[in-house]
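Analysis of the macromolecular model
As a plain string of letters, each chain reads:
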Amino acid sequence: MEEIRFDGKVAVVTGAGGGLGKAYALLLASRGAQVVVNDLGGSFDGEGSDATPAQQVVDEIKETSGEAIANYDSVAEWESAQKIIQTAVDSFGRIDILINNAGILRDKSLLKMEMDDYRKIMGVHLDGTFFCTKAAFAFMKDQTYGRIVSTASAAGLYGNFGQVNYGAAKMGIVGMMNSVAQEGTRYNIKANTIVPTAGTRLTFTVMPEDVIGKVKPEYVAPFVAWLCSEKCEETAKMFSAGGGYFSRAAVVEGPGVVFDTRKEITIEMIVEKLEQIMNLEGAREYASAMEQAGTVLSKMAPE
Ligand code: NAI
């Protein structure tokens, strides 16, 4: 197979000073991409800032004759997110690839969660993804080319104790990308979501030490790089990747039941048909909300 390369392509990787983002940046640069290595460099829970992590990754890329520039702005404000994207355009003339990867954790059970824990998580993950995507989309639209990969989490898809804030933000990103993908269709802009598993500073509190070393960010990076490539025709998809495992995840809807709306629909009728309503055999994915609405209406009994 022909090597997949990124010559002439410009990538922005947010939160690329360590963990998964660093692995993405190194791989893209090694295949010819010019990379903006963004990282605010704060603590895992979002305090402080430090230019060192992003600069170190840039130095590492340059040591192997790759092209990269560091950016230390936060994704969590509209003005600073615009500067991240502008760095790509000012330094390399365009932006083809955006990996929304920056992230923090503020885990607490719901009743112990302070408003600040909630807002900071929303700010970095959900707002940050929105701001960077909006800023990059404008350039990608003009170029009629773009690849956007955003980062969700199993905590969003399936829930996790102590991560009400994080889970909400991560599932919000899935919804955001589903709609971005639709708006990107006619401009050859693909938007997908990765659900990673990797041993990083974000997972060291929840993963045993011996497991951390085994699930390297480098195992996720090839998949994300493929999503960033010209070869990728997929859009509005979610993929799980970690420890050598790769899979597609999806939101599906079961065949359900249809009651005749010419008669009263009672609570008891719902209870009686619950098993059928719960059944996911024959479930399907929808390409858009419009397609789902069309199906709902087509199932209605005639007037
Ligand atoms: P990490 O902590 O190594 O990397 C996150 C990076 O984002 C850090 O370098 C941090 O400085 C940077 N960052 C934080 N706030 C920022 C801001 N406002 N602006 C710019 N940069 C900022 O952690 P990891 O695991 O590599 O996380 C990467 C992404 O993957 C995150 O979105 C995380 O939520 C997600 N994720 C990771 C999983 C894992 O198993 N490691 C599981 C599910 C999701």
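Going by the structure above, here's the rest.
Residues numbered from 1 in each chain as written. Predicted model: local features only at pLDDT ≥ 70, side-chain atom pairs only at ≥ 80, totals over all residues. Heavy atoms only, no water.

1. Concerning the site of the ligand
Formally: For this description, a residue counts as near a given molecule or strand if any of its non-hydrogen atoms is within 4 Å of it. Whenever two N or O atoms come within 3.5 Å, that pair is a polar contact, provided that in protein one can donate a hydrogen and the other can accept it, and provided that, for residues adjacent in sequence, both atoms are side-chain atoms. The nonpolar class holds Ala, Val, Leu, Ile, Met, Phe, Trp, Tyr, Cys and Pro. Asp, Glu, Lys and Arg form the charged class, and all remaining residues, Gly among them, are polar.
Not every one of the 30 residues close to the ligand is listed here, only the nearest: L20, D39, N101, Y166 and T200. Between the ligand and the protein, one listed contact pairs an oxygen atom with a backbone N or O atom of L20 at 2.8 Å. V75 places a polar main-chain atom, nitrogen or oxygen, 3.1 Å from a nitrogen atom of the ligand. By residue class, the composition of the shell around the ligand is eleven nonpolar, 15 polar and four charged.

2. Description of the pairing of strand β2 (residues 34-38)
Selection criterion: Buried, partly exposed and exposed residues are distinguished by accessible area as a fraction of the type maximum, computed with a 1.4 Å probe on protein chains only: under 20%, between the cut-offs, and over 50%, respectively. Helix numbering and strand numbering both begin at the N terminus, where a helix is a DSSP run of H or I of at least 4 residues and a strand a DSSP run of E of at least 2. Here a strand pair is declared whenever DSSP counts at least two bridges between the two strands. For crossovers, right-handed means that the path from the first strand over the helix to the second runs clockwise, given strands pointing away from the viewer.
Most of β2 sits out of view: five of its five residues are buried. A two-sided burial pattern is seen for β2, the buried positions comprising Q34, V36 and N38 on one face and V35 and V37 on the other. Taken together, the four bridges between strand β1 (residues 10-13) and β2 define a ladder with parallel strand orientation. In the strand pairing of β2, V12 is matched with V36. Chirality of the crossover, the property in question, places the unit of β1, helix α1 (residues 19-30) and β2 among those that are right-handed.

3. A word on the pairing of strand β4 (residues 97-100)
Here β4 shows two buried faces, one formed by I97 and I99 and the other by L98 and N100. Taken together, the three bridges between β1 and β4 define a ladder with parallel strand orientation. Bridged to V13 within β4 is I99. Bridge analysis of β4 against strand β5 (residues 146-151) gives four bridges, and the strand direction is parallel. Across the sheet, residue L98 finds its bridge partner in β5, namely I148. Handedness of the β4-helix α4 (residues 115-143)-β5 crossover: right-handed.

4. Remarks on the layout of surface pockets
Rule in force here: Here a cavity denotes grid points, spaced 1 Å and computed from the protein atoms alone, that fit a 1.4 Å probe unable to get out, and a pocket denotes an open set having protein on both sides within 12 Å along at least 5 of 7 lines; residues with an atom within 4 Å of a point are the lining. Grid points are joined across faces, edges and corners, and a volume is the space filled by probe spheres set on the points. Segmentation of the chain into domains, including their bounds, is taken from an automatic or database domain assignment.
By volume, the second largest pocket is sized at about 510 Å³. Among the secondary structure elements, those contributing two or more residues to the lining of the second largest pocket are α6 (164-184), β8 (245-249) and α11 (289-299). Top contributing element to the lining of the second largest pocket by residue count: α6, with four residues. Tallied by class, the residues present in the lining of the second largest pocket amount to eleven nonpolar, seven polar and four charged. Here the lining of the second largest pocket spans two domains, since at least three of its residues come from each of domain 1 (10-249) and domain 2 (252-303).

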